[in-house]
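Structural features, examined
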Amino acid sequence: PMSYEIRGLREDELEEHAELIHKSYEEFITQGRGFLAAPDWWLNNIRRDPFYRPEQTRVLLVDGHMVASVSNYERPMYCAGRVAKVGAIGSVATHPDHRRKGYAREVLAESLRWMRSTGFDFSFLFGNYQVYGRSGWSLFTALEIAAQVRAPHDACGLRVRPAQFPQDISVLLSLYDQFNVTMTGPFARPWEYWEKRVTGGYFHDRSVEFR
């Protein structure tokens, strides 16, 4: 009989899981998501995530082989003056040789049970409602606003420069918290976030500016 198991990822399985992610996402490379072509993109991502632990990734194994997985990325979120423990579900993957067997749905269900048992307040994902709605997910309407704020032309004593790391982390952290702490929805970003996620190269092709 076939052996079947769902459990948390182990530290010594990170590279094996990165290979599963790469194989599962190869088809998206031709859809304008070229970063997926790098076999180690998932590993690089979690190494810059200050909240990540291997057990947050739930894997399904068939006869000892990793064939499907879901990662539950912990994201502390400001909620009206408090901080909620939120699970951002991502990196949903099924090896191409094992699709259409319901494996991803089973790992998603186990992920929800695991998050409830470990104290997550709620979870969310970005995806096709036609796909995830069958697993019990509800559609939440989101409003996205992008703004470009510039200093007035007659402002005195103001200048714009790229942020410098790590010496500007304290200032960025303070400004971010002052703006977001009373809101509901923004992620809480401690020192470790700025140090690993920003200084660590996640935004290596962008500049953060002071105004």
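Here's a quick rundown of the structure.

So, on to the pairing of strand β4 (residues 82-94). By the bridge criterion, eleven bridges tie strand β3 (residues 65-79) to β4 in an arrangement that is antiparallel. Each bridged residue has a counterpart across the sheet, and for A68 the counterpart in β4 is T94. Where β4 lies against strand β5 (residues 122-125), four bridges are found, and the strand directions are parallel. In the sheet register, G87 faces β5, and the bridge partner there is S123.

Before going further, it helps to spend a moment on the pattern of salt bridges. Tallied over the entire structure, the rule returns seven salt bridges. In this structure, R75 and D49 form a salt bridge, with 3.1 Å as the shortest nitrogen-oxygen distance. A residue pair is termed long-range when its members are at least 10 positions apart, and R75 in strand β3 and D49 in the loop between α2 (41-47) and β2 (57-62) qualify at 26 residues. The residues R75 and D49 share a single accessibility class, namely buried. Here E110 ties to R58 by a salt bridge, and the two come within 3.0 Å at their closest N and O atoms. One end of the pair, E110, is in helix α3 (residues 103-117); the other, R58, is in strand β2, with 52 residues separating them in the sequence. A single burial state applies to E110 and to R58, both of which are buried. Look at the salt bridges and you will find they share partners, linking E5, R7, R10, D12 and E13 into a network.

Cut-off values and rules
Residues numbered from 1 in each chain as written. Predicted model: local features only at pLDDT ≥ 70, side-chain atom pairs only at ≥ 80, totals over all residues. Heavy atoms only, no water. Pairing = 2+ DSSP bridges. Helix = DSSP H or I, 4+ residues; strand = E, 2+ residues; numbered from the N terminus. Salt bridge = Lys/Arg side-chain N within 4 Å of Asp/Glu carboxyl O. Buried < 20%, exposed > 50% of the residue type's maximum accessible area, 1.4 Å probe, protein only.

Just geometry here; none of it tells us what the structure is for.
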